Amino acid sequence: MTMQYPKYTHERNYGCRLIEYVYKGLNTITLENEIIRVTILADKGTDILEFLHKPSDTDFMWRSPLGVRNPNNFVPTIPRIEGSFLDYYEGGWQECLPTGGNSTIYKGTNFGPHGEVCLIPWDYTILENNPENISIKFFVRTYRTPFYIEKTLSIDRYKGILKIHEYICNEGEVDLELVWGHHPSFGRPFLDDTVIINLPGAKVKTLDIDSNSRLKTGINFKWPMVPGKDGTMIDISKIPNEKAQSQDLALLTNLKDGWYAITNASRSVGFGMVWPKNIFQSLWLWQVYGGALSQPWYGRTFNIAIEPWSTPNLTIDEAIQEDTHIVLQSGGNISIDLKAVAYSDIKKVSRIDSEGNVFGI
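These lines cover the structure that appears in this document, whether it is placed above or below. (Residues numbered from 1 in each chain as written. Predicted model: local features only at pLDDT ≥ 70, side-chain atom pairs only at ≥ 80, totals over all residues. Heavy atoms only, no water.)

Let us now look at the pattern of salt bridges. The tally for this structure, following the rule as stated, stands at 17 salt bridges. Across the pair D208 and K229 runs a salt bridge whose closest N-O atoms are separated by 3.6 Å. Of this pair, D208 sits in the loop between β16 (203-207) and β17 (218-222) while K229 sits in the loop between β18 (225-227) and β19 (233-235), placing them 21 residues apart in sequence. The exposure class assigned to K229 is partly exposed, which follows from its relative accessible area of 46%. Several salt bridges share partner residues, and in doing so they unite R17, E32 and K54 into one network. (Salt bridge = Lys/Arg side-chain N within 4 Å of Asp/Glu carboxyl O. Helix = DSSP H or I, 4+ residues; strand = E, 2+ residues; numbered from the N terminus. Buried < 20%, exposed > 50% of the residue type's maximum accessible area, 1.4 Å probe, protein only.)

Below, the structure written as structure tokens:
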């Protein structure tokens, strides 16, 4: 039986704890224990705004120069024809479905970048709230498709692990396709040129997304070495500094396992994620090293995003064409468990197991 807690719960200052508050007009929840603090914008797609490793005071999440904007009281000068995502993109970590990173037309209607759920408010209920563990269930229904989504976020005492359980149901009377992904982005102070990305091996496809792309366009490169436009081989597991003046997108497939780790050697702290790769079969690696000179960034960004996705295709229609989409029959459902972990005193990661344990080399 699910336990229901009053909206205004007693605020502990020890162990696992939560705070419910309004930030810039948005219902917001912070979960924390002795190791991590995680802040969620419930009224904006359940974006994870903050993922802080408390012992080192390191927030892994990138904060864009646009900041948090409340869709209820911020009106752009004119609607974007490609969709509103960038007008409200504060960085952090987004939930993305039923389409991918570009705008598209599906089932006769328009979808903006990253789908429906990343800009709308979610409801939530507190499932567990005690010093040993906290669990909150967020839930929402999409509005241009008939999907119902639940996402339960949990933390346990003394552990730097955020556990995420997700469930999607097709409430429509017809079978439907979708693509599904997570869009966490990382920036200063965590991201610098001592950071290295570890993952268990993949094939790499590169796209020409910007005049400042440093990578040669191609397919079937072997992680992490990719040819650059100047003919040199580039190790894309290593982060350059802003002088690179580049922006690239690499799509990773044929993953040997479902995990990655990002480690800052100078701070000796890192962030990792683990998931079942039978559902999230691809990784998208967005790399911006001072080179996004067009709107809305104008060269003001130094960040990466490493994004588990169900497909290497950027939209639902492309995924259907390449047969990399998910099909949910009428009344059908799909679920997944993933974990995000903060770790320290490890310079290089050899693997992350399904429980979120991080193993160094």
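Next, the rest of the story.
Strand pairing in a sheet is mediated by backbone hydrogen bonds. Such pairs are either parallel or antiparallel. Across the sheet, which stays open at both edges, the eight strands sit in the order β9-β10-β11-β12-β26-β22-β21-β15 with antiparallel pairing between neighbours. Lying at the two open borders of the sheet, with one neighbouring strand each, are β9 (123-130) and β15 (195-198). Put simply, the sheet's adjacent strands are angled 15° from each other on average, direction ignored. One ladder, built from six bridges, connects strand β22 (residues 269-274) with strand β26 (residues 333-344); its direction is antiparallel. The residue bridging G270 from the neighbouring strand is Y343, located in β26. (Pairing = 2+ DSSP bridges. Axes fitted to C-alpha atoms, helices over the stretch in contact; angles between N-to-C directions.)

Within the fold, N278 resides in the loop between β22 and β23 (282-289). Residues N278 and L255 lie 23 residues apart in sequence; the distance between their C-alpha atoms is 10.0 Å.

Attention shifts here to a nonpolar patch on the surface. On the surface, a cluster of nonpolar side chains totalling about 230 Å² of accessible area is made up of I19, Y21 and Y23. The topology assignment puts Y21 in strand β1 (residues 17-23). In this structure Y21 comes out as partly exposed when scored by relative accessible area, which is 30%. (Patch = residues over 30% accessible without salt bridge, like charges linked within 9 Å, V, L, I, M, F, W, Y side chains within 5 Å. Areas by Shrake-Rupley, 256 points an atom, 1.4 Å probe, with all protein chains shown as cover.)

Moving on, we get to the packing of aromatic side chains. On inspection of all chains with the given rule, the structure shows 18 aromatic pairs. Here F60 and F190 contribute two aromatic rings whose centre-to-centre distance is 4.9 Å and whose plane-to-plane angle is 90°, an arrangement assigned as edge-to-face. One end of the pair, F60, is in the loop between β5 (58-59) and β6 (93-96); the other, F190, is in the loop between β14 (181-187) and β15, with 130 residues separating them in the sequence. With respect to burial, F60 and F190 carry one shared label: buried. Among the aromatic residues, ring-to-ring pairing joins F51, F60, W93, F186, F190 and F271 into one connected group. Over the face of the ring belonging to F359 we find R351, whose NZ or CZ atom lies 4.0 Å from the ring centre. (Phe/Tyr/Trp six-rings, centres within 6.5 Å; stacked < 30°, edge-to-face > 60°. Lys NZ or Arg CZ within 6 Å of the ring centre and 35° of its normal.)

This brings us to unusual backbone geometry. Omega for the bond connecting R188 with P189 falls within 30 degrees of zero, at 0°, which places this linkage in the cis form. By the secondary structure assignment, P189 is in the loop between β14 and β15. Looking along the chain, the bond that leaves W223 and enters P224 is cis, with omega of 5°. Its identity is not glycine, yet T46 carries a phi of approximately 55°, on the positive side. Assignment of secondary structure puts T46 in the loop between β3 (36-41) and β4 (47-53). For T46, a relative accessible area of 2% corresponds to the buried category. Positive phi outside glycine occurs at D345, with the angle close to 60°. Considering the arrangement of structural elements, one finds D345 in the loop between β26 and β27 (349-352).

So, on to the nonpolar core. By size, the foremost hydrophobic cluster in this structure holds 93 residues, and its most contacted members are F51, W93, W180, F186, L252 and Y260. Here this core takes six residues from β23, the largest share from any one element. With sequence-adjacent residues up to four places away left out, F51 is seen in contact with I36, R37, V38, T58, D59, F60, M61, W93, L162, F271, A340 and A342. (Core = buried A, V, L, I, M, F, W, Y, C linked by side-chain atoms within 4.5 Å. Contact = heavy atoms within 4.5 Å.)

Another aspect to go through is the pairing of strand β20 (residues 246-253). A large share of β20 lies buried, amounting to seven of its eight residues. Both β16 and β20 contribute to a ladder of five bridges, which runs antiparallel. Bridging across to β20, K203 finds its partner in T253. Bridge analysis of β20 against β23 gives seven bridges, and the strand direction is antiparallel.

This part takes up the environment of L119. Mapped onto the secondary structure, L119 falls in the loop between β8 (109-111) and β9. Residues within four places of L119 in sequence aside, it is in contact with K44, G45, P71, S84, F85 and Y88.

As for its placement among the helices and strands, N313 is situated in the loop between β24 (302-309) and α1 (316-322). At a separation of 2.6 Å, a polar atom in the side chain of N313 contacts the side chain of T324. (Polar contact = N/O pair within 3.5 Å; in protein donor to acceptor, adjacent residues only side chain to side chain.)

Let us now look at the side chain of E116. Tracing the backbone through its elements, the reader meets E116 in the loop between β8 and β9. Among buried Asp, Glu, Lys and Arg side chains, E116 stands out as unpaired, with R144 the closest opposite charge at 5.5 Å. Within polar-contact distance, the side chain of E116 engages the backbone nitrogen of Y143 at 3.0 Å. Setting aside its immediate chain neighbours within four residues, E116 contacts L97, P98, F111, T142, Y143, R144 and T145. (Lys, Arg positive; Asp, Glu negative; His and termini not counted.)

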